[in-house]
There are 2 protein chains.
Amino acid sequence: MSTTIPETQLAVRWYPASFDVRLENVPTPMIEHPDDAIVKITFAGLCGSDLHVYRGLEDVHEIHICGHEFIGHVVALGSSFSPLSPPSRPELYATLQVGDKIVSPFTTSCGECSPCRRGFTARCTSSFLFGTPVLPGGQAQYTRVPKAGGTLFVLPSSISPNASAPFLDVATFMALPDPTLLLLADILPTGLFVALQALSHPKLSPFTANTSWPNTMDGILYSHISTSAAPLMEDDRVLTIGVVGLGPVGLCAILALLDLLEHRQLPTRFRIVASDLNKSRRAKMQNMYNALPAPSKGPVGSEFIVCGVESLPTWARHGCHAVLEVVGTPPALTLALSLLAPSGVLSSCGVHQAPPIPFTGRELYNLNVTLEFGRCSVRALFGAAAGLLARRRDVLGVVGEAGVVERVVSLRDAVSAYEMFEQGRCGKVVFDAWA
Amino acid sequence: MSTTIPETQLAVRWYPASFDVRLENVPTPMIEHPDDAIVKITFAGLCGSDLHVYRGLEDVHEIHICGHEFIGHVVALGSSFSPLSPPSRPELYATLQVGDKIVSPFTTSCGECSPCRRGFTARCTSSFLFGTPVLPGGQAQYTRVPKAGGTLFVLPSSISPNASAPFLDVATFMALPDPTLLLLADILPTGLFVALQALSHPKLSPFTANTSWPNTMDGILYSHISTSAAPLMEDDRVLTIGVVGLGPVGLCAILALLDLLEHRQLPTRFRIVASDLNKSRRAKMQNMYNALPAPSKGPVGSEFIVCGVESLPTWARHGCHAVLEVVGTPPALTLALSLLAPSGVLSSCGVHQAPPIPFTGRELYNLNVTLEFGRCSVRALFGAAAGLLARRRDVLGVVGEAGVVERVVSLRDAVSAYEMFEQGRCGKVVFDAWA
């Protein structure tokens with residue numbers, strides 16, 4: 001099964017050692033394995049973590065096609081895709097068709113290994129990251145998707161079956177432009193992930209479940225003997241959260257956080273402090289917050305402060321029950337820890353590199369710290385992220401200076417876009433593969 | 001309120017810089033604050049973390065009375081203890097009596113601050129650790145307990161109100177000897193804590209709740225759209241756990257872990273690998289396991305392996321869904337991480353010191369690691385630990401070479417006991433304050 005595919009395509013390739021990407025004509029990918037799909041890309045994203053490679057900070061040395069965010073249409077399928085595919089395999093092997101519109105998570109996942117079944121698709125035993133020497137990326141006109149039946153999401157069929165009406169209107173969702181839907185490939189689920197890792201931790205049960213720690217722990221504590229001195233008071237339930245980093249993922253993390261707090265209707269107010277070194281990022285975050293409807297800004301008395309490190313409010317220092325770290329550097333971790341209250345949760349989605357963790361054992365012991373690290377399992381969170389995107393389309397659907405996606409440019413302008421993005425002169429860029 | 005208290009007492013005092021503890025006659029403590037209680041100690045424990053100070057590894061430089069585990073009777077109370085104590089204060093201020101039998105958590109907690117109400121009593125805003133320059137310890141004949149109404153547990157009244165019959169028989173419990181009940185001051189709750197931190201983490205929901213990650217997260221995910229490729233299979237639910245360190249707390253951690261797994265009746269089998277450098281510790285752990293009744297050894301097909309680092313089974317390397325670190329050193333953390341599978345939980349109760357955490361950001365990101373650090377909030381876990389102690393009295397009640405408590409010696413022999421314990425020539429020692 002295939003449509004006509006040209007022999008060559010435009011693609012952005014990275015060259016060692018650093019700061020060298022080139023727009024080149026390269027061979028179009030072909031089916032290499034029965035589980036492969038070839039996707040004709042409409043739009044591809046430029047992500048903050050692409051800069052790690054661009055700057056030469058990753059342990060990567062071979063020329064390769066960049067990019068791990070893309071949306072497009074299926075143009076060829078391997079022989080595994082057949083109505084006769086056994087029911088033991090992921091359903092897409094039986095149902096995916098040439099012509100289907102898809103969005104791909106930024107990592108592949110087979111859907112057939114134990115980590116996949118347990119929900120940790122980013123740590124699938126045969127997972128590959130797009131835009132690396134082992135798997136050419138999406139900043140191109142075509143790309144090959146391995147294990148496509150376990151990896152891809154078909155729009156809209158992947159989101160329709162169980163959508164509950166108040167939260168996800170499929171028609172509204174599908175009317176969103178591709179550069180907005182592209183947020184589902186990585187940064188919106190990743191923002192949701194870092195917020196969810198914090199809020200779902202049992203230590204936050206006083207805020208999320210109105211119970212002291214340890215709460216019933218999903219029934220793990222089999223005997224309960226009341227030993228706490230006093231019940232929770234209203235002031236104990238004022239949730240305080242810090243966010244370090246207001247790049248595109250940081251914006252998504254805060255929108256996800258506010259959405260989780262709103263729709264859980266936590267019977268308390270909150271205080272959020274969001275910090276970034278970059279003034280224009282802070283201004284954008286503040287403007288986004290201002291543009292939210294009142295119910296999304298939290299219960300009466302809630303606070304939302306955007307500031308530089310030099311003007312953090314006094315209550316934020318060692319005062320946050322959770323801190324989201326959305327940068328991926330040792331200084332960001334150090335700042336995050338300095339904001340964390342004892343018994344707090346530091347949730348990190350930063351793509352950290354070779355430097356050691358800048359904490360001592362004594363610091364972590366004395367503060368009873370939880371540290372959460374790692375890569376978002378986009379597949380496991382896709383549904384929740386799609387609902388968030390539909391609900392928050394007022395903000396997430398904006399393309400331009402005020403939006404998460406600041407610019408849509410031709411793939412032909414990728415080299416200068418890398419330069420501007422790297423220098424902080426623009427926010428998130430999306431490439432139109434065919435403009 | 002007081003009984004006759006002598007002017008001086010025997011106590012073990014630490015002298016800088018290291019390896020110098022002395023048995024001395026010192027003044028008996030007196031009520032210093034209305035919230036104080038004076039306790040006449042019957043038995044006091046020598047704990048692995050006492051060795052950090054003994055060896056000069058803690059940031060402590062002043063002479064002080066050692067020890068943070070003790071059991072005894074109240075002999076004097078400050079003026080806050082009165083039937084007229086306001087109901088807004090912890091109940092013990094109205095009910096505690098001279099003569100009551102008590103066990104004390106190893107840290108004080110007021111029961112009146114927000115961390116206390118939220119269950120984090122070890123991080124009470126006015127918490128002190130016994131056996132430090134700011135709060136003389138329990139390796140003595142008397143000690144002063146600040147914030148005693150928020151800190152102490154009265155036996156048996158603290159454990160009776162909500163005890164559910166199959167799990168906690170109060171009469172049986174109270175028949176246990178004091179050196180066994182003393183385990184409730186620190187090491188049994190701490191062992192339970194490190195096991196519970198692992199099992200209660202949402203990432204372990206495939207094993208504890210039979211749901212892929214993210215599960216309902218206590219309702220935090222407000223919309224569910226099925227995206228996982230395949231349901232959990234039975235093999236996905238074979239829980240694999242590593243334990244690093246088989247000192248007294250490590251033994252308690254494993255007994256707690258097995259008890260949690262047994263009474264939760266998790267419908268799966270498990271594999272546990274427990275490691276220590278010390279051969280006699282390993283032998284004791286193996287003997288304890290062998291002595292357990294069959295139902296406590298797990299469902300059919302479960303494995304329990306005790307071994308040295310050199311003979312870890314192949315499946316353990318990067319194969320454990322959770323690892324309990326019960327040592328408190330960088331090498332122990334390094335070993336623990338090497339056992340952890342991707343998306344696993346490293347739960348640490350080790351009292352870590354000044355060295356940096358021996359992990360890079362890349363390691364933690366690439367493995368999607370959760371790290372849990374800190375001190376057990378004994379007050380919050382006291383009830384559950386008491387139930388565990390009653391159920392597992394067959395093993396925990398043994399005093400001698402085969403038990404967690406290996407020796408009961410006179411407080412007068414404390415100096416040589418420190419030497420033997422430090423050199424690994426004996427396991428846990430309890431001091432009889434009056435022998």
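Keep in mind the model is a prediction, meaning the values are calculated, not measured. (Residues numbered from 1 in each chain as written. Chains lettered and ligands numbered in written order. Predicted model: local features only at pLDDT ≥ 70, side-chain atom pairs only at ≥ 80, totals over all residues. Heavy atoms only, no water.)

What follows covers the UniProt feature "domain: Alcohol dehydrogenase-like N-terminal" (unreviewed entry) in chain A. Within this structure's numbering, the places UniProt gives as "domain: Alcohol dehydrogenase-like N-terminal" (unreviewed entry) are residues 34-148 of chain A. Summarising residues 34-148 of chain A: 15% helix, 24% strand, and an end-to-end C-alpha distance of 10 Å. (UniProt positions renumbered as here; feature names shortened; annotations may be inferred. Helix = DSSP H or I, 4+ residues; strand = E, 2+ residues; numbered from the N terminus.)

Attention now goes to the packing of aromatic side chains. The way to describe two aromatic rings as a pair is by their centre distance and the angle between their planes. Within the structure shown, the criterion is met by 18 aromatic pairs over all chains. Taken together, the ring pairs connect Phe19, Tyr54 and Tyr418 of chain A into an aromatic cluster. Stacked on the ring of Tyr15 of chain A, the Lys or Arg Arg22 of chain A has its end atom at 3.6 Å from the ring centre. For the cation-ring pair, Lys297 of chain B lies above Tyr289 of chain B, with the distance from its terminal atom to the ring centre recorded as 5.5 Å. (Phe/Tyr/Trp six-rings, centres within 6.5 Å; stacked < 30°, edge-to-face > 60°. Lys NZ or Arg CZ within 6 Å of the ring centre and 35° of its normal.)

Another point: the confidence of the model for chain A. Residues and elements named next belong to chain A. Confidence along chain A averages 91 in pLDDT terms, with 92% of residues attaining 70 or more. Every residue in residues 160-166 is under pLDDT 50, and counting partners more than four places away or in other chains gives seven contacts. What the predictor reports for the complex is a pTM of 0.95 with an ipTM of 0.95. (pLDDT = per-residue confidence, 0-100. Contact = heavy atoms within 4.5 Å.)

Now for the sheet that holds strand β1 (residues 8-14) of chain A. The strands making up a sheet associate through hydrogen bonds between their backbones, and the pairing can be parallel or antiparallel. Residue and element names in this part refer to chain A. Judged by pairing direction, the sheet is antiparallel, and its three strands sit side by side in the order β2-β1-β4 without closing on themselves. Looking at the sheet topology across the chains shown, the edges are occupied by β2 (21-27) and β4 (64-65). Bridge analysis of β1 against β2 gives seven bridges, and the strand direction is antiparallel. Note that in β2 the partner of Trp14 across the bridge is Val21. Across the face of the sheet, helix α15 (residues 414-422) comes into contact with β1 and β2 while running at roughly 145 degrees to β2. (Pairing = 2+ DSSP bridges. Axes fitted to C-alpha atoms, helices over the stretch in contact; angles between N-to-C directions.)

Residues and elements named next belong to chain A. Within the secondary structure layout, Thr180 lies in helix α6 (residues 178-181). A relative accessible area of 1% means that Thr180 is categorised as buried. Sequence separation of Thr180 and Leu96 is 84 residues, and the distance between their C-alpha atoms is 23 Å. If we ignore the near neighbours within four places in the chain, the residues touching Thr180 are Leu389, Leu396, Gly397 and Val399. (Buried < 20%, exposed > 50% of the residue type's maximum accessible area, 1.4 Å probe, protein only.)

Quick look at unusual backbone geometry now. With an omega of -15 degrees, the peptide bond between Trp213 of chain A and Pro214 of chain A qualifies as cis. Summarising the element assignment, Pro214 of chain A is placed in the loop between α8 (205-208) and β9 (239-244). A positive phi angle, near 50 degrees, is found at Lys147 of chain A, a position not held by glycine. Within the secondary structure layout, Lys147 of chain A lies in the loop between β7 (142-145) and α4 (148-151). The phi dihedral of Ser343 of chain B falls on the positive side, at around 65 degrees, and the residue is not glycine. Turning to its location among the elements, Ser343 of chain B is positioned in strand β13 (residues 340-348). With a relative accessible area of 5%, Ser343 of chain B lands in the buried category.

All names here are of chain A. Structurally, the position occupied by Gln423 is in the loop between α15 and β16 (428-432). When its relative accessible area of 47% is taken as the criterion, Gln423 is described as partly exposed. Between the C-alpha atoms of Gln423 and Lys40, which are 383 residues apart in sequence, the distance is 30 Å.

This part covers the domain arrangement of chain A. Residues and elements named next belong to chain A. As far as domains go, chain A holds domain 1 (8-186 + 378-432) and domain 2 (190-218 + 233-373). Computed over C-alpha atoms, the centres of domain 1 and domain 2 are 27 Å apart. Interface of domain 1 and domain 2: buried area, both sides summed, is about 1800 Å²; carbon and sulfur atoms make up 65% of it. Considering only the side of domain 1, the residues that lose the most area to domain 2 are Leu381, Leu388 and Arg392, jointly responsible for 29% of the buried surface there. Run the count over domain 1 and domain 2 and you get two salt bridges. (Domains from an automatic or database assignment. Buried area = accessible area lost by both parts, 1.4 Å probe. Salt bridge = Lys/Arg side-chain N within 4 Å of Asp/Glu carboxyl O.)

Our focus in this paragraph is the pattern of salt bridges. Under the definition given, this model contains 30 salt bridges over all chains. Here Arg117 of chain B and Asp236 of chain A are joined by a salt bridge, their closest N and O atoms 2.4 Å apart. With Arg117 of chain B in helix α3 (residues 114-118) and Asp236 of chain A in the loop between α8 and β9, this pair bridges two chains. A single burial state applies to Arg117 of chain B and to Asp236 of chain A, both of which are buried. Two residues, Lys284 of chain A and Glu406 of chain A, come together in a salt bridge whose shortest N-O distance is 2.5 Å.

Let us now look at the pairing of strand β3 (residues 37-46) of chain B. Each regular strand carries side chains that alternate between the two faces of the sheet. All names here are of chain B. Within β3, nine of the ten residues are buried, which leaves the element mostly enclosed by the surrounding structure. When β3 meets strand β5 (residues 70-77), the two strands line up antiparallel, connected through seven bridges. Residue Phe43 lies in a different strand from β5, and its bridge partner there is Ile71. Pairing analysis gives four bridges linking β3 to strand β7 (residues 142-145), with the strands arranged antiparallel. Pairing of Ala37 across the sheet is with Val145, part of β7. Here β3 runs beside strand β16 (residues 428-432); their pairing, made up of four bridges, is antiparallel. Looking across to β16, one finds that Gly45 is bridged to Val430.

The next point concerns helix α10 (residues 279-291) of chain A. Residue and element names in this part refer to chain A. Given a rise of 1.5 Å per residue, 13 residues ought to cover 18 Å, and the 18 Å separating the end C-alpha atoms of α10 matches this to within 8%. Residues Arg282, Lys284, Met285, Met288 and Tyr289 constitute the buried set of α10. In an axial view of α10, the angular spread of the buried residues amounts to 160 degrees, which keeps them on one side of the axis. For α10, the exposed residues set more than 90 degrees away from the buried face come down to Lys279 and Ala291. The secondary structure elements touched by the buried residues of α10 are α9 (248-264), β11 (303-307), α14 (393-396) and β15 (405-410). (Expected span 1.5 Å × (residues − 1). Arc of directions from axis to C-beta.)

Residues and elements named next belong to chain A. Examined against the element boundaries, Ser127 turns out to sit in the loop between α3 (114-118) and β7. One polar contact links the side chain of Ser127 to the main-chain carbonyl oxygen of Thr108, over a distance of 2.8 Å. What Ser127 contacts, discounting residues up to four positions off in sequence, is Thr107, Thr108, Thr121 and Ala122. (Polar contact = N/O pair within 3.5 Å; in protein donor to acceptor, adjacent residues only side chain to side chain.)

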